[in-house]
Structure formats: structure tokens, C-alpha cells
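In case you want the letters, here they are:
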Amino acid sequence: MKNLLNFLIKYNYWFLFILLEGISFTLLFHFNSYQGSAFFTSANYFTGNVYQVQNELTGYFHLRTVNKELVEQNTELSLQLQTYRDKLMDLTQDSTGLVRMKQDVLMDYDIIGANVINNSITFNDNYITINKGEADGIKSEMGVVGGTGVVGIVYITSKHFSIIIPILNSKSNISCKLKNNEYFGAMIWEGGSSQFGFINDMPRHAELSVGDTIVTSGHSAVFPKGLPIGTVHNINNSQDGLSFKLKVKLFTDFAKLHDVRVISRKDVSEQIELENQIEQK
Amino acid sequence: MIVYLRRVGLFVGLILLQVLILNNIHIYGYGTPFLYIFFLLIYSSNASKNTLMLWAFFIGLIIDTFTNTPGINTASATFLAFIRNPILNSFTLHDNNEIFEPGISSMGLNSFIKYIVALTLIFCICLQLLNSFSFFDPIQLLIKILTDTLSTAICILCVDAVWRR
């Protein structure tokens, strides 16, 4: 008995070591399963505020580029708006149609602006933290877009902060399609460069060429149809040879992402409920 | 008392430096300096394994909380603390009873560099292996380990030269 006690005392650091490593690995492998809790993440109150202060200090450095992008985007949008308006006026001389259509488009979605306060691009599982949370109406599974294209999907929310799974995460899977036709696939990331994503399951008979634009499909409840994601960079065969593997150059530059918008669709509960029913069967 | 204040100051300072500045450094997309392990490497030589592991656990946990990499830094730093003393002893000619803080002045440049590179390499191997659970790319893994080790070791040597003054 005494020998055993001596043994335990002599090698007590082994027990502490195993205990501490045990806690670490529990954290490592259970990050997915505690989606409700944001304690050990950058969305908790303390870390969120440290990043918020940093963001307020460094936010000014990006103003010039942000401004330039906004102006470019604004010009493009007003041009587009003008062309659509003209087209619509040509098609429907009846002006009440235009009013009704405007209302229809805006009725389905809420848009919440937010700032990126923490971001990474070098890990295999990158996350983005933004400075808006439940208090601002953000819930998990909402879509997030930047100035130039799709960014990702909201993952964990706390009261004033949220964590987003960007395209640059092994867990990310965004339903997308070719802009010109309806062939669809799933946008994933396989590590490496932060500028490229992949679509592994594009059917072989799909008509496509390098340079085609990839947009969201609108099949999931997260994103509306037609938000730009990227352009086809090259086309290869997938590993099983049954479909094309597309390398997609992403529109969003994750390395200098600063302003994002969270899109919340107002009435998704019915669609989600229906889809869950199928999964349960 | 002053020793403790200095230690806590270094603890907080290194965490802030790591999460606010160094984590944003990626030389060609690789090579992030993990300077915060400096805290564990220069902890005085008479520290017990338990003390060192607890410090390592908490510094890793805080870094992980900031970077959304739960467990990765915690596990690597704890392991680093676990193997630090044997490796420190193998690189020094001091008597076991003598108390010193590892550094260029106390160990000499040559053996300090060996000590830093050995431990940094082990730390980066742990970190990147844990990080590569989601997808495994051996060449990229190797590049990441080597560039991270190099940038971390250089940073630690520079900081050590300044910190001693």
C-alpha cells in the first residue's frame, strides 16, 4: 500500500498530464456537438470585446479600399438597376406591376450589416467572427455575403457576436449552380489557397466552360438564388470519373474581408420542417 | 512578488501580442510565429512539471478561445511543458541543483538555439498534426511545420535578446 502511494506521488505529473490532455482532446473533438454554447470561442463576451476594440482601432486603415469597392459596386448596381427598370417598363407598361414586384423581392429577406472582427485563412477549419449577434436578430444557419460575393453561413451565435463558417472550412457545403443554366453542385473547400474552392459533383453532360460564373442555387433555405460565388478556373474529372471536378476562383477575398451582410429569409420554417421530415424517414 | 508580477505581465502581454498581431502574419500563407510558447520556454529551470503544465494549459486554452481552434493549442502547449525539463537538462551543462532562467545569457547562444529549435519543432509538429485532422496533405503539412518552426524560433531569439535588458 505504501509503495503504491509512493508510486502515485512520485509520478503524479503523469496524471495531471493525462488529465489536461484529456480535456484538450475533448474540446478538440466535441466542438461540433455543443453548437449552442459559445464559451470557448471568439464569440464569448471577453474575447469578442477584445477583437471589437482592435477592429475599432484598425478599421480606419481599410477605409480607403472599402470606399473604393463600395463606389465601384454602387456604380455597377445603379447601372444594372437602370437596365432592369428599362426592360421592365418595356415589358409591362402597367406601372402597378413594378411596384408589386419591388415589394415581392424585398418582402422575403431581411439584411443585417456587420463588421468582421476576427478572421483566419490558414487553418483547415477557418472561422470568422462578426460583431452582431442574437440581439440584432442573427440566428445560426443564416447566409452571409460580402461586397463581392458569398462568404459563408452563420454557425454559433452569442448575444452580441456570431461565428461564421466561411467557404474556407472543411465543414462548409453551399449549394450552387452555373449562372447560365440550372446544373447544380455543392461548393466545398479542400484546404490550400484561400482563393479557390471546389465543386466535385457537376454532371458530365453539363454545358460549361472555363470562366463561367457560379452562383447560389436557391435550393437551400440559406441563400436566395443567384448570389455570385466565383468563376470556373479549370475543369477536371472527379476521382470516381462520373462527374466533373471544378476549381472555382472565389469572388470574395477572405484575406481582406471587413464588411459583411447577413441575409435572413423571413419564412423558412416551413421548408426546413419539410426537409427534416425526409431526413427522419 | 516582483517575479510574479513580471510573469503575469509577460503572460498577458504574450497572449495579446499573439492574438492581435502575430496570428495575422502568414509569410506566403505559411509561417505563423507562435511566440507565446516563449513564456514556457524561459520559465525558470526549477519549475515542477505540474506548475509548468498548468501554465501551459491555460495559455493554450486562452489562445484557442481567441482563434476558434478548441484544444489544438492547449494540447500542444501542455505536451511542450511536459517534455521541457528533460530536454532543457540535456542541452545544459549546469548542475541539476542550480536555478536559472533559460536564455542566451544563462545557457550560451549555441545551446540555447538548439534548445529552442528542438522544442519549437516538437510543438509545431503537434500543432499541425492536430490541425490536419480534417484533411491530410503531407507536403503542405511539412511546409507548414518547417516554416512555423523557423519563424517561431527566430521570433523567440529576438525577443529573448530584448527581454533580458
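Everything numeric here is computed off the predicted structure, so don't read it as measured data.

Student: Can you help me understand a nonpolar patch on the surface in this one?
Tutor: All names here are of chain A. On the surface, a nonpolar cluster with roughly 960 Å² of combined accessible area is contributed by Met1, Leu4, Leu5, Phe7, Leu8, Ile9, Trp14, Phe15 and Ile18. Elements with a contribution of two residues or more to the nonpolar patch: helix H1 (2–10) and helix H2 (12–29). A per-element tally of the nonpolar patch places H1 first, with five residues. The exposure class assigned to leucine 8 is partly exposed, which follows from its relative accessible area of 34%.

Student: Please clarify how the domain arrangement of chain A should be interpreted in this entry.
Tutor: Interface size, as often reported, equals the accessible area lost upon joining of the parts. Examined at the domain level, chain A breaks down into domain 1 (2–60) and domain 2 (174–255). The gap between the C-alpha centroids of domain 1 of chain A and domain 2 of chain A is 37 Å.

Student: What am I meant to see in the sheet that holds strand E12 (residues 259–265) of chain A here?
Tutor: Strand pairing within a sheet occurs via backbone hydrogen bonds; the two strands may be parallel or antiparallel. Residue and element names in this part refer to chain A. What the six strands build is a closed barrel, ordered E1-E2-E5-E4-E3-E12; its pairing is antiparallel. Averaged over all pairs of adjacent strands, the angle between strand axes in this sheet comes to 40°, irrespective of strand direction. Bridge analysis of strand E2 (residues 128–130) against strand E5 (residues 162–166) gives three bridges, and the strand direction is antiparallel. The residue of E5 that forms the bridge with isoleucine 128 is isoleucine 164.

Student: Is there a simple way to explain empty space enclosed by the protein in this structure?
Tutor: Gaps left between atoms show up when a probe the size of a water molecule is rolled over them. All told, the structure shown has two cavities of 30 Å³ or more when counted by the stated rule. The volume enclosed by the largest cavity comes to roughly 220 Å³. Every residue lining the largest cavity is counted, 20 residues in all, and those nearest its centre are A:Thr122, A:Phe123, B:Asn23, B:His26 and B:Thr32. For the lining of the largest cavity, the elements supplying multiple residues, two or more each, are strand E1 (109–119) of chain A together with helix H3 (49–67), helix H6 (109–131) and helix H7 (138–163) of chain B. The volume enclosed by the second largest cavity comes to roughly 90 Å³.

What counts, and at which threshold
- Position labels on residues start from 1 in each chain and follow its written sequence.
- Written order decides the labels, with chains lettered from A and ligands numbered from 1.
- With pLDDT at 70 or above as the cut-off, local features in this predicted model cover only qualifying residues; side-chain atom pairs require 80 or more to be listed or tallied, and sums for whole chains, interfaces and linings still use all residues.
- Side-chain numbers come from the whole structure's heavy atoms, not from hydrogens or water.
- Patches here: salt-bridge-free residues with over 30% relative accessible area, like charges joined within 9 Å, nonpolar side chains (Val, Leu, Ile, Met, Phe, Trp, Tyr) joined within 5 Å.
- Values of accessible area rely on a 1.4 Å probe in the Shrake-Rupley scheme; residue burial ignores everything except the protein chains shown.
- Think of a salt bridge as a Lys or Arg side-chain nitrogen and an Asp or Glu carboxyl oxygen that are within 4 Å of each other.
- Each helix corresponds to a stretch of at least 4 residues labelled H or I by DSSP, and each strand to a stretch of at least 2 residues labelled E; elements are numbered beginning at the N terminus.
- A 1.4 Å probe rolled over the protein chains alone gives each residue an accessible area, and that area as a share of the maximum for its type sets the label: buried under 20%, exposed over 50%, partly exposed in between.
- What counts as a domain boundary in this text is fixed by an automatic or database domain assignment.
- Here a strand pair is declared whenever DSSP counts at least two bridges between the two strands.
- Note on geometry: axes are lines fitted to C-alpha atoms, helical ones only across the stretch in contact, with angles between N-to-C directions running from 0 to 180 degrees.
- Cavity means a closed set of points on a 1 Å grid over the protein atoms alone, one where a 1.4 Å probe fits but cannot get out, pocket means an open set with protein on both sides within 12 Å along at least 5 of 7 lines, and lining means a residue has an atom within 4 Å of a point.
- Grid points are joined across faces, edges and corners, and a volume is the space filled by probe spheres set on the points.

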